[in-house]
Amino acid sequence: MNTRFLRNQIAKLLAFLLILTGAAACAQDAVGASVSFDATNKMFRLDGGSVTYAFGINNRGELQFAYWGERLAASDTLPEPRGIGFSDEINDAPQEFPGWGGGTLDEPALKATFPDGNRDLVLHYVSHTISGNSLGVTLRDISRDIFVNLKYTMDPATGILARSATIENKTNTKVLLEQVAAASWNLAAGTDYSMRYLAGRWGGEFQLESEKIEPGEIVLESRRGSTGHQSSPWFAIERGAATETDGKVWFGALAWSGSWRITVEQDPLRQVRITGGFNPFDFGYQLAPGESLETPVFYAGFTTTGFGEASRLMHRYELANILPQAPKPRLRPVLYNSWEATTFDVDEKGQELLAEKASSIGVERFVMDDGWFGQRKNDHAGLGDWYVNPQKFPHGLGSLIDKVHSLGMDFGLWVEPEMVNPDSDLYRKHPDWVINMTGRPRTEDRNQLVLNLARPEVRSYVFEVLDRLLSENKISFLKWDLNRVWSEPGWPEVAPEEQKRLYVSYIRNYYSILQELRAKHPKLEIESCAGGGGRVDLGVLHFADEVWTSDNTDPFDRLLIQDGFTYAYTPGVMMAWVTDSPNWYNQRATSLAYRFLSSMQGSLGIGANLNNWTAEDFATAKQMISAYKSIEEVVQHGALYRLVTPRDGSNISATESVAPDKASAVAFVFLHSQQMRYPVPSIFLLGLDRNAIYSVRPIFGHLSGDAPQTASGAFWMGHGIDADLKGDYDAAAFIFERVSK
Ligand code: DGJ
């Protein structure tokens with residue numbers, strides 16, 4: 001054996017060992033989370049799911065973004081960041097949390113004014129701590145004792161990173177904060193980014209829009225004091241052309257239910273940055289010496305497999321980390337809500353009659369909506385007076401609640417606690433309790449004004465009223481509504497420079513009431529409603545088990561609204577009612593089965609006037625609700641695949657939900673308007689186990705005559721299904737069950 005042969009053999013062995021250890025390192029990379037700091041290149045690195053996020057301390061002492069994308073090998077080292085400076089940008093380093101000052105010309109995360117007129121704020125690294133999956137980094141202004149504590153928490157399962165900041169004033173003077181973001185997110189420089197976002201209006205929420213990211217800034221925001229129907233605090237950015245199933249997508253959602261803003265800018269160096277937090281419009285938060293302000297949390301993630309996976313990661317994260325019952329939220333009970341049936345015209349007898357009918361079809365929760373309190377006959381009076389109307393309910397609520405319980409359902413109640421009608425005892429007693437500006441008109445909307453929840457006495461009143469209602473009655477569920485946005489957002493009782501605290505203190509008090517009510521009444525569940533989907537965000541979803549998606553209950557429009565909704569939010573919180581036909585909102589007529597199938601894409605509710613139903617309607621409803629109960633877990637907690645989008649004038653749409661263990665799936669197919677009797681194109685399922693055998697059976701409708709009753713996952717995904725649909729507004733749904741592996 002010569003030495004060259006020996007050397008070759010040793011080299012081969014070493015290479016083999018390297019491959020082995022490399023493979024082991026990669027395998028280990030793909031699971032769990034890790035947070036580290038590399039002192040040699042001054043780099044922080046957070047790994048989780050399939051994602052790596054990294055930033056470092058640059059030569060100026062700023063925190064500078066380094067990488068956000070596919071998970072890197074544990075052995076990979078990122079180069080030490082160097083601040084950049086070009087002629088048209090004095091300081092263009094993509095900072096993690098830029099203060100406005102020191103030559104920063106792009107969107108700052110923090111802007112402040114000191115009493116001496118100084119408005120220059122330059123934040124440099126001071127220290128950091130790592131604890132489990134969390135990293136804290138402290139920054140300080142270069143000369144003044146303004147500290148910023150950045151917090152990062154990496155989710156091991158999804159790679160979604162939660163970021164927030166706390167601003168601390170350790171100077172001995174007041175400091176006015178004029179712009180405070182939760183985080184700045186940077187992307188590698190490029191000109192081929194586009195973004196998707198959700199816009200809309202009352203009755204038309206969650207419409208998916210898209211825009212190319214060009215030089216300049218795109219602003220998504222609410223200036224209304226609440227999340228708003230017009231825009232949802234969520235973004236998704238693709239590089240190149242991503243699809244539902246493919247391509248790089250960065251996505252994020254801000255957890256704030258007040259005025260918010262997310263900006264997406266491309267700077268002159270083609271760097272793309274997303275900044276989000278409190279809306280700086282009309283913002284001004286005075287920090288006294290020793291005081292601090294905590295921002296909302298901004299959550300964001302990344303995937304290489306398109307918008308579908310981006311949504312599924314969000315859904316998983318929300319179910320496991322955000323919702324009040326996370327990580328195991330209870331399935332949403334099938335509910336009945338009286339609003340569309342009775343509007344304000346509620347009374348004991350009428351509600352009992354509806355409850356009997358609701359229980360006969362399998363409803364699990366009966367919710368009485370608006371009209372039960374004070375002098376509430378219509379929307380002109382009563383808000384603020386949360387006593388039970390004695391003419392409508394001579395026995396209080398107790399008798400109705402007992403009846404509902406005896407029918408095997410739990411009881412829920414509508415409230416709108418932040419509001420007051422000028423025609424109410426509360427307003428007559430406390431006209432100063434509303435948001436207003438001294439000497440200026442108080443603009444009414446739906447004949448109501450907004451109570452200033454930031455005031456301690458108002459907060460106490462609202463909490464006590466609700467606490468009493470819940471303590472005196474067996475109420476399992478509150479539908480908490482909000483039917484107008486802010487105007488004249490003044491707070492005359494505090495000093496002028498303190499008045500804008502309203503934007504923060506109101507929302508914090510709103511959250512704290514929800515939290516305290518839940519703590520005191522642990523079985524209570526809450527729905528966030530704001531004249532439909534006007535308060536849906538990851539902030540309120542910490543306290544609300546579900547949301548009212550839209551006042552538009554037309555099942556065809558709902559396909560679009562629900563499609564958009566699921567880009568950001570899990571179908572497990574998306575309430576969808578079956579209501580009457582023609583629909584109140586647009587007079588469109590659809591079959592009961594179509595209405596059911598549209599609503600079964602989310603958490604099912606019934607909102608129809610059951611007094612007008614035929615025996616046949618009751619039979620259909622009973623069968624549909626029973627079918628829904630067999631799929632609700634998959635729909636609410638499974639993996640959602642948007643197979644065919646209803647947007648872009650498409651004539652069909654389809655979704656599929658797959659159980660986490662892939663043992664079952666359900667597919668919904670909708671035909672909007674058939675012409676020339678063209679057959680419905682094949683729909684290709686996704687997410688099944690390709691080697692397993694699945695049986696198929698309809699919930700409603702059928703597959704074309706020659707379809708097999710069992711076939712492999714590969715068949716259903718490759719060959720697809722052919723739904724036999726005809727005419728206008730036809731729909732079908734199919735359950736797939738794994739019969740063998
Ligand atoms: C608006 C909600 O979205 C409706 O469902 C209903 O609760 C009404 N408010 C009641 O006023």
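For the structure, see preceding data.
These remarks concern the structure in this document. In this text the structure is predicted, and so the values were computed from the model without any measurement.

Calculation notes
- Residues numbered from 1 in each chain as written.
- Predicted model: local features only at pLDDT ≥ 70, side-chain atom pairs only at ≥ 80, totals over all residues.
- Heavy atoms only, no water.
- Axes fitted to C-alpha atoms, helices over the stretch in contact; angles between N-to-C directions.
- Helix = DSSP H or I, 4+ residues; strand = E, 2+ residues; numbered from the N terminus.
- Parallel < 35°, antiparallel > 145°, perpendicular 65-115°, else oblique.
- Contact = heavy atoms within 4.5 Å.
- Nonpolar A, V, L, I, M, F, W, Y, C, P; charged D, E, K, R; others polar.
- Expected span 1.5 Å × (residues − 1).
- Buried < 20%, exposed > 50% of the residue type's maximum accessible area, 1.4 Å probe, protein only.
- Near = heavy atom within 4 Å.
- Polar contact = N/O pair within 3.5 Å; in protein donor to acceptor, adjacent residues only side chain to side chain.
- Areas by Shrake-Rupley, 256 points an atom, 1.4 Å probe, with all protein chains shown as cover.
- Salt bridge = Lys/Arg side-chain N within 4 Å of Asp/Glu carboxyl O.
- Left-handed = near helix turned anticlockwise from the far one by under 90°.

For the rest of this paragraph, the subject is the packing of helix H2 (residues 306-322) against helix H9 (residues 555-568). Two numbers describe how H2 lies on H9: the axes approach to 7 Å, and their chain directions differ by 70 degrees. As far as their axial angle goes, H9 and H2 are roughly perpendicular. For the pair H2 and H9, the contacting residues are Phe307, Ser311, Met314, His315 and Glu318 in the first and Thr566, Tyr567 and Ala568 in the second. Along the lines of polarity and charge, the residues of the contact of H2 with H9 split into 4 nonpolar, 3 polar and 1 charged.

A few words on H9. Its 14 residues place the ends of H9 20 Å apart at the C-alpha level, agreeing with the 20 Å of an ideal helix rising 1.5 Å per residue. Within H9, 11 of the 14 residues are buried, which leaves it mostly tucked inside the rest of the structure. Three or more residues of H9 are buried, namely Pro555, Arg558, Leu559, Ile561, Gln562, Asp563, Gly564, Phe565, Thr566, Tyr567 and Ala568.

With respect to the helices and strands, the residue Glu498 is situated in the loop between strand S26 (477-480) and helix H8 (502-520). Glu498 sits 322 residues away from Leu176 along the chain, and the two C-alpha atoms are 9.8 Å apart. Among all residues touching Glu498, those that are not within four sequence positions of it are Lys174, Gln286 and Trp491.

Attention now moves to the site of the ligand. The local shell around the ligand holds 14 residues, among which Asp369, Asp370, Lys479, Asp481 and Asp551 are the closest. Separating an oxygen atom of the ligand from a side-chain N or O atom of Arg446 is a distance of 2.9 Å. Protein burial of the ligand: of its 300 Å² of free accessible surface, 99% is covered by the chains. Residues belonging to the shell around the ligand are distributed by class as follows: 5 nonpolar, 3 polar and 6 charged.

With that out of the way, let us pick up the pattern of salt bridges. According to the stated counting rule, one finds 43 salt bridges in the structure shown. One salt bridge in this structure joins Asp106 and Arg273, with 4.0 Å as the shortest N-O distance. Linking Asp106 in the loop between strand S4 (63-70) and strand S5 (110-113) with Arg273 in strand S17 (residues 272-278), this pair joins segments that are 167 residues apart in sequence. Across the pair, exposure class does not vary: Asp106 and Arg273 are buried alike. Through salt bridges with shared partners, one network takes in Arg330, Arg332, Arg365, Asp410, Glu525 and Glu546.

Looking now at the packing of H9 against helix H10 (residues 592-599). Running from amino to carboxyl end, H9 crosses H10 at an angle of 15 degrees, the nearest separation of the two axes being 9 Å. The angle between H9 and H10 falls in the class roughly parallel. Judged by the sense of rotation from one axis to the other, the crossing of H9 with H10 is left-handed. Contacts between H9 and H10 involve Pro555, Phe556, Arg558, Leu559 and Gln562 from the former and Tyr594, Arg595 and Ser598 from the latter. Its residues assigned to classes, the contact of H9 with H10 shows 4 nonpolar, 2 polar and 2 charged.

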